[in-house]
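What follows is each chain in one-letter form.
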Amino acid sequence: MTTQELANRYYDLFQQRQVAEIYQQFYSTDIVCTEPEHALAMGVPTITKGIEAVLAKSKARQEIIAEVHSFFCSEPVVGGDYFSMAMGRDMTMKNGQRLQVAEVAVFGVKDGKIISETFFY
């Protein structure tokens, strides 16, 4: 699978909110996720290594969300072994706070698997 094919499939599954399927199909067991430094203030680690840790981080984030009102994801832009997408959500947290998040994600691909993801927000 080429990077473009993977990116297109990622986009299709994301539009259907099938994030678990994305993790299962496309993430390397050795994935490295990088968040911006200011994520620490929100309790999010800046570097997460390995699929199990990435899944745990994703689950922890989902557990604090009461409702997602809307979400978006741009079509992927591919350059070599990388693709990027703009993503965002409008959500209400379980503490009652309404939050709008917009970010750019850059994914590194090797041998048909996502080996890195870096978020900018």
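Note that the structure is a prediction, hence the values are computed from the model and not measured. (Residues numbered from 1 in each chain as written. Predicted model: local features only at pLDDT ≥ 70, side-chain atom pairs only at ≥ 80, totals over all residues. Heavy atoms only, no water.)

**A word on the overall build of the protein**
Within the protein, the regular secondary structure consists of three helices and seven strands. Reading the helices (α) and strands (β) of the protein from amino to carboxyl end gives α-α-β-β-α-β-β-β-β-β. For 121 residues, the compact-globule estimate of 2.2 N^0.38 gives 14 Å, and the C-alpha radius of gyration of the protein, at 14 Å, lies within 12% of that figure. Dimensions of the protein along its principal axes, counting C-alpha atoms only, are 40 × 25 × 20 Å. (Helix = DSSP H or I, 4+ residues; strand = E, 2+ residues; numbered from the N terminus. Rg over C-alpha atoms; globule rule 2.2 N^0.38 Å.)

**What to know about the side chain of E117**
Relative to the helices and strands, E117 is located in strand β7 (residues 113–120). Look at E117: it is buried, it has no salt bridge, and the nearest opposite charge is K57 at 5.0 Å. A polar side-chain atom of E117 sits 2.6 Å from a polar atom in the side chain of Y27. When sequence neighbours within four positions are dropped, the list of residues in contact with E117 reads Y27, I31, V32, C33, T34, V54, V106 and F107. (Buried < 20%, exposed > 50% of the residue type's maximum accessible area, 1.4 Å probe, protein only. Lys, Arg positive; Asp, Glu negative; His and termini not counted. Salt bridge = Lys/Arg side-chain N within 4 Å of Asp/Glu carboxyl O. Polar contact = N/O pair within 3.5 Å; in protein donor to acceptor, adjacent residues only side chain to side chain. Contact = heavy atoms within 4.5 Å.)

**Points about the pattern of salt bridges**
The full count for this structure, using the stated rule, is three salt bridges. Connected via shared salt-bridge partners are E35, K57 and R61.

**Observations concerning the packing of aromatic side chains**
Tallied over the full model, the rule gives seven aromatic pairs. Ring geometry for Y23 versus Y27: centroids 4.8 Å apart, planes at 75°, classification edge-to-face. By relative accessible area, Y23 is classed as buried at 15%. Pairwise contacts between aromatic rings join Y10, F14, F71, F83, F107 and F119 into one cluster. (Phe/Tyr/Trp six-rings, centres within 6.5 Å; stacked < 30°, edge-to-face > 60°.)

**With respect to the UniProt feature "domain: SnoaL-like" (unreviewed entry) in the protein**
Cross-referencing UniProt, the feature "domain: SnoaL-like" (unreviewed entry) maps to residues 1–121 in the present numbering. Summarising residues 1–121: 28% helix, 46% strand, and an end-to-end C-alpha distance of 29 Å. (UniProt positions renumbered as here; feature names shortened; annotations may be inferred.)

**Observations concerning the environment of V109**
Along the chain, V109 turns up in strand β6 (residues 98–110). Between the C-alpha atoms of V109 and I51, which are 58 residues apart in sequence, the distance is 15 Å. When near neighbours in sequence (up to four residues on either side) are disregarded, V109 contacts T3, L6, D81, F83, I114 and I115.

**Section: the nonpolar core**
Core analysis: the largest hydrophobic core is formed by 23 residues, its most contacted members being Y10, Y27, F83, M85, M87, F107 and I114. When residues of this core are assigned to their parent elements, the largest contribution, six residues, is made by helix α1 (residues 3–15). Among residues more than four places away in sequence, those in contact with Y27 are Y10, I22, I51, F107, K113, I114 and E117. (Core = buried A, V, L, I, M, F, W, Y, C linked by side-chain atoms within 4.5 Å.)

**Digging into the layout of surface pockets**
A volume near 1000 Å³ is recorded for the largest pocket. Sorting the residues of the lining of the largest pocket by element identifies α1, α2 (19–26), β1 (27–34), α3 (51–63), β3 (65–73), β5 (82–93), β6 and β7 as the ones contributing at least two each. At six residues, α3 tops the list of elements feeding residues into the lining of the largest pocket. Here the lining of the largest pocket is built from residues that sort into 24 nonpolar, five polar and seven charged. (1 Å grid on protein atoms, 1.4 Å probe; cavity = no way out; pocket = protein on both sides within 12 Å on 5 of 7 lines; lining within 4 Å. Points joined across faces, edges and corners; volume = space filled by probe spheres on them. Nonpolar A, V, L, I, M, F, W, Y, C, P; charged D, E, K, R; others polar.)

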